[in-house]
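Chains, contacts and geometry: an overview
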Amino acid sequence: MSKPMRADARRNLEQILLAARDMVAERGPDVPLDDIARRAGVGSATLYRRFPDRDALLRALALDALTRTAVAAKAAAEQERDPFEALARYLREALELRVSAVLPALLDVVDPANDPLLSPVREESARTIRRMISDAHAAGTLPEGVTFMDITTMLVRIARPLPGPLPDEAKHALARRHLELFIHGLRAMGGGVKLS
């Protein structure tokens, strides 16, 4: 049995993963590891002690993103009575977690569908989201033709950082606004609309 992680080591790990998440979303998976360490507020030696190479860090980042999104999906499904509200809550939380901006950037490096560590977490999250979509269809609050692929692809499109000189917080504020417009549009359409 491995020893529990010390509080400072756990904090450093969280800071490294958060910095990696933001920098990979902004600059792609080739961002220098020393830049990630700097943004995390740790020394490069601390990062390399935990992650001996880029692949190890990016795989850990993918696992962290998938785990956080699975937790967010499960919490939304369990805590919201209305299935549409559960789906909307999940989308908002997933946007804040930046999972839909990070995972697409990692697809040339990691394979969440076939990696034995990542695949079960990915499937757990997908099952929960599919169930929310199915329940919202059954409740008549989500158009029947809106699929899992529609929802996840739109979240990726909205979450990807905009190019150009806008400050990061302005870009994220626009992403939040566009997600609300998407949710509002789905709600306005309701279950009575058939999509081809």
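Residues numbered from 1 in each chain as written. Predicted model: local features only at pLDDT ≥ 70, side-chain atom pairs only at ≥ 80, totals over all residues. Heavy atoms only, no water.

**Side note on the overall build of the protein**
Along the protein, the regular secondary structure elements total 9 helices and 0 strands. The secondary structure elements of the protein, listed N-terminal to C-terminal, are α-α-α-α-α-α-α-α-α. Since a compact globule built from 196 residues should have a radius of gyration of about 16 Å, the 18 Å found for the protein is in line with a globular shape. In terms of overall dimensions, the protein has C-alpha extents of about 55 × 45 × 30 Å along its principal axes. Restricting the contact set of the protein to residue pairs at least 6 apart, pairs at least 24 apart contribute 70%. (Helix = DSSP H or I, 4+ residues; strand = E, 2+ residues; numbered from the N terminus. Rg over C-alpha atoms; globule rule 2.2 N^0.38 Å. Contact = heavy atoms within 4.5 Å.)

**Quick look at the UniProt feature "domain: HTH tetR-type" (unreviewed entry) in the protein**
Feature annotation in UniProt places "domain: HTH tetR-type" (unreviewed entry) on residues 10-69, given in this structure's numbering. Secondary structure within residues 10-69 divides into 82% helix and 0% strand; the distance between the first and last C-alpha atoms comes to 20 Å. (UniProt positions renumbered as here; feature names shortened; annotations may be inferred.)

**Considerations on the nonpolar core**
In terms of nonpolar packing, the biggest core is built from 61 residues, with Ile36, Tyr90, Leu91 and Leu106 touching the most fellow members. Elements that contribute at least two residues to this core include exactly α1 (7-27), α2 (33-40), α4 (54-79), α5 (83-97), α6 (99-106), α7 (119-139), α8 (148-159) and α9 (168-189). For this core, the element with the most residues is α4, which contributes 10 residues. In contact with Tyr90, not counting residues within four places along its chain, are Thr69, Ala72, Ala73, Ala76, Ile129, Met132 and Leu155. (Core = buried A, V, L, I, M, F, W, Y, C linked by side-chain atoms within 4.5 Å. Buried < 20%, exposed > 50% of the residue type's maximum accessible area, 1.4 Å probe, protein only.)

**Quick word on the layout of surface pockets**
Within this model, the largest pocket holds a volume of roughly 560 Å³. As for the largest pocket, its lining consists of 24 residues, of which Leu66, Leu103, Arg122, Phe148 and Thr152 are closest to the centre. Contributions of two or more residues to the lining of the largest pocket are made by α4, α5, α6, α7 and α8. Looking at the lining of the largest pocket, its residues break down into 16 nonpolar, 4 polar and 4 charged. In this structure, the second largest pocket spans a volume of roughly 330 Å³. Arg98, Pro161, Asp168, Lys171 and His172 are, among the 19 residues lining the second largest pocket, the residues nearest its centre. (1 Å grid on protein atoms, 1.4 Å probe; cavity = no way out; pocket = protein on both sides within 12 Å on 5 of 7 lines; lining within 4 Å. Points joined across faces, edges and corners; volume = space filled by probe spheres on them. Nonpolar A, V, L, I, M, F, W, Y, C, P; charged D, E, K, R; others polar.)

**Considering the UniProt feature "DNA-binding region" (unreviewed entry) in the protein**
Per the UniProt record, "DNA-binding region" (unreviewed entry) is found at residues 32-51. Taken end to end, residues 32-51 comprises 75% helix and 0% strand; its first and last C-alpha atoms sit 13 Å apart.

**Some remarks on the pattern of salt bridges**
Counting across every chain of the model gives 17 salt bridges. Linking Glu93 and Arg89 is a salt bridge whose minimum nitrogen-to-oxygen distance equals 2.9 Å. Here Glu93 and its partner Arg89 are both found in helix α5, 4 residues apart, which amounts to about one turn of the helix. Take Glu93: its relative accessible area is 27%, and that puts it in the partly exposed class. For Arg176, the salt bridge is made with Glu169, and the minimal N-O distance between the two is 3.0 Å. (Salt bridge = Lys/Arg side-chain N within 4 Å of Asp/Glu carboxyl O.)

**Regarding the packing of aromatic side chains**
According to the stated counting rule, one finds 0 aromatic pairs in the structure shown. Sitting above the plane of the Phe148 ring, Arg130 keeps its charged end 4.0 Å from the centroid. (Phe/Tyr/Trp six-rings, centres within 6.5 Å; stacked < 30°, edge-to-face > 60°. Lys NZ or Arg CZ within 6 Å of the ring centre and 35° of its normal.)

**A closer look at unusual backbone geometry**
Of note, the phi angle at Arg98 is positive, near 65 degrees, even though the residue is not glycine. With respect to the element layout, Arg98 can be found in the loop between α5 and α6.

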